[in-house]
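# Coordinate analysis (summary)
Below are the chains, spelled out letter by letter.
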Protein chains: 2
Amino acid sequence: MGLIMTRLAQQLQFLVEVDKLKRVMRRTRLVADPPGAESRFENTAEHCWHIALAAAVLQEHSNAPIDTARVIRMLLVHDLVEIDAGDTPAFGVQGDKAEREALAATRIFGLLPEDQRTEFTALWNEFEARETADARFAHAMDRIIPVFQNMSNNGGSWVDFNVARDQAQARFQPVRDGSYALGDVIEKLLDESVELGYLRAK
Amino acid sequence: MGLIMTRLAQQLQFLVEVDKLKRVMRRTRLVADPPGAESRFENTAEHCWHIALAAAVLQEHSNAPIDTARVIRMLLVHDLVEIDAGDTPAFGVQGDKAEREALAATRIFGLLPEDQRTEFTALWNEFEARETADARFAHAMDRIIPVFQNMSNNGGSWVDFNVARDQAQARFQPVRDGSYALGDVIEKLLDESVELGYLRAK
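These numbers were taken from a predicted model, which means no experiment stands behind them. (Residues numbered from 1 in each chain as written. Chains lettered and ligands numbered in written order. Predicted model: local features only at pLDDT ≥ 70, side-chain atom pairs only at ≥ 80, totals over all residues. Heavy atoms only, no water.)

### What about the overall build of chain A?
- Scanning chain A from terminus to terminus reveals 10 helices and 2 strands.
- Listing every helix and strand of chain A by position from the N terminus yields α-β-β-α-α-α-α-α-α-α-α-α.
- The C-alpha atoms of chain A give 18 Å as radius of gyration, which agrees with the globular expectation for 202 residues (17 Å, within 12%).
- Along the first, second and third principal axes, the C-alpha set of chain A runs to 65 × 35 × 35 Å.
- Considering only contacts in chain A between residues 6 or more positions apart, those separated by 24 or more positions represent 67%.
- By element, 53% of the accessible surface of chain A is carried by carbon and sulfur atoms, the whole surface being about 8300 Å².
- When the 23 basic and 31 acidic side-chain charges of chain A are each reduced to a single mean position, those positions are 2 Å apart. (Helix = DSSP H or I, 4+ residues; strand = E, 2+ residues; numbered from the N terminus. Rg over C-alpha atoms; globule rule 2.2 N^0.38 Å. Contact = heavy atoms within 4.5 Å. Areas by Shrake-Rupley, 256 points an atom, 1.4 Å probe, with all protein chains shown as cover. Lys, Arg positive; Asp, Glu negative; His and termini not counted. Charge placed at Lys NZ, Arg CZ, Asp CG, Glu CD.)

The structure is reproduced here in C-alpha cells:
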C-alpha cells in the first residue's frame, strides 16, 4: 500500500505540475471568428488538444501505416518541455533550444514513476527525431493547424515575423513528410497566402 | 479524387470549427502558482488536453479493465458540444443542458464524414451514459483535476458557489465509480477542504 500510494502521489504531482503548460503562450492566434477579427494568442496546452484530435480525424491520410493511439499519446506529451524551456517561435531565433528542452524533459518527466518516465521520455525523443512514421505524422499534425490559424488572422505570425514563402515552405515540409494529401492542401494555401499578402513572395 | 477531397475538406472544416472550444470558459481556475496567487479561469480545450493526459498517466488505477486509447479519444471529443451549448457549471443551474447538447452534437459532429460522425457521436453518447468501464474512467478523469485546481485557489469554484461537503461528495462520486484509489484521495482532500474553509461542513 505504501508503494502504491507513493506511485500515485508521484503521478498526481506530475498532473498538477503539467497544468503550467496552459500558461505557455505560442505565436499563433486562435482561428479568428469571424475571419479577420481580433483573436488572442494560443497557449500550448490547448494547441496540444487540438492536434491530438487532428490526429484522430486525419489518420487515414498518413503516408505510412501508423499507430494512431501512439501518435495521440506522443502529441499529448511532446510539448511538456515548454513548461521550463518556453515556446520557441517557428520563425524566430532558436538559441540553445535543444539543451533547454533536454533539461526540462529530465525534470518534468522525472516527476513520474520510472516506467512512465521512460515511456514519455522515449515518446518525446521519438517525436524530436522524426524518424518513425508515428513521429512524422505527429509533426504533420503539429504544423498543419497553424496554417488555418494564420490565414484566418490576416497572416498572423507570418506577418508578425515577415515570413517569405520559401521559409514557410520549409516550415511546413513536415506536413508533406507525414501526408502527401495534406502537403498538397498546404501548397495551395501558401500560394493563396502569397496572393493575399500574408507571405512575402521572395 | 473528387470524393477524397470532399472527405478531407469536411475533416479540415471540422478541425477549424473545433478551435472554438478554446473560447469556452469553465468555472475552474488554473492551478495557482504559487498556491493562493491569482490565476485565470480555464477553457474547455486545455482542460480536455489535461484530462486526456491524466487518463494516460492514471489508467492503472481504473476499477475495471479499460481501453485507454478509447478513453483518450472519448475525452478529446466529449466536450465539443460546449462550442454551441456552453459549459454548464458543476454547481449551478443545469437548465435544458441535455437538449442543447444534443443539438450541438448533431451540428458539430455533423461536419465530419459519416463514419467519423458516427464514431464520435457514439463516443460522446457513451461518455454521457456512464455505463461502460471506459466511460466511467473518463468521468473520473474529468472530475479529479478540478479538485487540485480548487484547492490551490483557496477553494476556487467551491467558494464561488458556496458549496457544502455533501454537494462536493456527490459531484466527485464519479471519481470513485471509476477508481477506488482515486476516490480515496478525493475523500481526504474534501475533508481537508472543509478544515480549510473551502467547503461548508453542512
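### Here we look at the nonpolar core
- Membership of the largest hydrophobic core comes to 120 residues, with the highest contact counts inside it found for A:Phe14, A:Leu53, A:Leu80, B:Phe14, B:Leu53 and B:Leu80.
- If we skip the residues at most four places from it in the chain, B:Phe14 touches A:Leu53, A:Val57, B:Leu80, B:Ile108, B:Phe109, B:Leu111, B:Leu112 and B:Phe120. (Core = buried A, V, L, I, M, F, W, Y, C linked by side-chain atoms within 4.5 Å. Buried < 20%, exposed > 50% of the residue type's maximum accessible area, 1.4 Å probe, protein only.)

### Let's talk about the relation of the copies chain A and chain B
- Superposing chain A onto chain B takes a rotation of 180° combined with a translation of 0.0 Å along the rotation axis, leaving an RMSD of 0.0 Å. Between the two chains, the operation in question is that of a two-fold axis.
- Interface residue correspondence from chain A to chain B reaches 98%, placing this contact among same-surface, isologous pairings. (Least-squares fit on C-alpha atoms with pLDDT ≥ 70 in both.)

### Quick word on the packing of aromatic side chains
- Per the counting criterion, the structure on display carries 6 aromatic pairs over all chains.
- Relative to A:Phe172, the ring of A:Trp158 lies with its centre 6.0 Å away and its plane at 75°, an arrangement referred to as edge-to-face. Here the residue A:Trp158 occupies a position in helix α8 (residues 156-160), and A:Phe172 occupies one in helix α9 (residues 165-178), the gap between them amounting to 14 residues. You'll find A:Trp158 and A:Phe172 in the same group, each marked buried.
- Aromatic pair B:Phe14 and B:Phe120: ring centres 6.2 Å apart, planes at 50°, arrangement tilted. (Phe/Tyr/Trp six-rings, centres within 6.5 Å; stacked < 30°, edge-to-face > 60°.)

### Overview of helix α3 (residues 68-77) of chain A
- Burial analysis of α3(A) places 8 of its 10 residues in the buried class, which makes it a mostly covered element.
- Among all positions of α3(A), only A:Thr68, A:Val71, A:Ile72, A:Arg73, A:Met74, A:Leu75, A:Leu76 and A:Val77 are buried.
- Packed against the buried residues of α3(A) are α2 (44-58), α5 (97-109), α6 (114-129) and α7 (133-152) of chain A together with α2 (44-58) and α3 (68-77) of chain B.

### With respect to the environment of A:Glu99
- As for its position among the elements, A:Glu99 is in helix α5.
- Residue classification places A:Glu99 among the exposed residues on the basis of a relative accessible area of 54%.

### Comments concerning empty space enclosed by the protein
- Taken as a whole, this structure holds 3 cavities of 30 Å³ or more when the rule is applied.
- The computed volume of the largest cavity comes to approximately 60 Å³.
- Around the largest cavity, the lining residues are A:Gln169, A:Phe172, A:Gln173, A:Val175, A:Arg176, A:Gly183, A:Ile186, A:Glu187 and A:Leu190.
- Elements supplying a minimum of two residues to the lining of the largest cavity: α9 and α10 (180-195) of chain A.
- Top contributing element to the lining of the largest cavity by residue count: α9(A), with 5 residues.
- A class-by-class count of the residues in the lining of the largest cavity yields 4 nonpolar, 3 polar and 2 charged.
- Contributing elements (two or more residues each) for the lining of the second largest cavity: α7 of chain A together with α1 (2-17) of chain B. (1 Å grid on protein atoms, 1.4 Å probe; cavity = no way out; pocket = protein on both sides within 12 Å on 5 of 7 lines; lining within 4 Å. Points joined across faces, edges and corners; volume = space filled by probe spheres on them. Nonpolar A, V, L, I, M, F, W, Y, C, P; charged D, E, K, R; others polar.)

### Topic: the pattern of salt bridges
All names here are of chain A.
- As enumerated under the stated definition, the model contains 38 salt bridges over all chains in all.
- Between glutamate 42 and arginine 26 there is a salt bridge whose closest N-O contact spans 2.9 Å. One end of the pair, glutamate 42, is in strand β2 (residues 41-43); the other, arginine 26, is in strand β1 (residues 25-29), and 16 residues separate them in sequence.
- Taking relative accessible area as the criterion, glutamate 42 reaches 0% and is therefore assigned buried.
- Among the ionic contacts, a cluster of salt bridges with common partners joins Arg165, Arg176, Asp184, Glu187 and Asp191. (Salt bridge = Lys/Arg side-chain N within 4 Å of Asp/Glu carboxyl O.)

### A word on the interface of chain A and chain B
- Counting residues at the interface gives 53 residues for chain A, matched by 52 residues for chain B.
- Of the roughly 4400 Å² buried at the junction of chain A and chain B (both faces included), carbon and sulfur atoms supply 68%.
- When the buried surface of chain A facing chain B is broken down by residue, A:Leu15, A:Lys22 and A:Trp49 rank first, second and third, together holding 17% of it.
- Applying the counting criterion to the chain A and chain B interface returns 4 salt bridges.
- A salt bridge links B:Lys22 to A:Glu42; its shortest N-O distance comes to 2.6 Å. (Buried area = accessible area lost by both parts, 1.4 Å probe.)

### Brief notes about the packing of α2(B) against helix α7 (residues 133-152) of chain B
Residues and elements named next belong to chain B.
- One can describe the packing of α2 onto α7 by two numbers: an axis separation of 9 Å at closest approach and a directional angle of 120°. The orientation of α2 with respect to α7, classified from their angle, is oblique. Viewed along their axes, α2 and α7 form a crossing whose handedness is right-handed. Between α2 and α7, the contacting residues are His47, His50, Ile51, Ala54, Ala55 and Leu58 on the first element and Phe137, Met141, Asp142 and Ile145 on the second.
- Taken together, the residues of the contact of α2 with α7 sort by class into 7 nonpolar, 2 polar and 1 charged. (Axes fitted to C-alpha atoms, helices over the stretch in contact; angles between N-to-C directions. Parallel < 35°, antiparallel > 145°, perpendicular 65-115°, else oblique. Left-handed = near helix turned anticlockwise from the far one by under 90°.)

### So, the confidence of the model for chain A
- For chain A, per-residue confidence averages 94 on the pLDDT scale, and residues scoring 70 or more make up 98% of the total.
- As scored by the predictor, the complex reaches a pTM of 0.95 and an ipTM of 0.95. (pLDDT = per-residue confidence, 0-100.)

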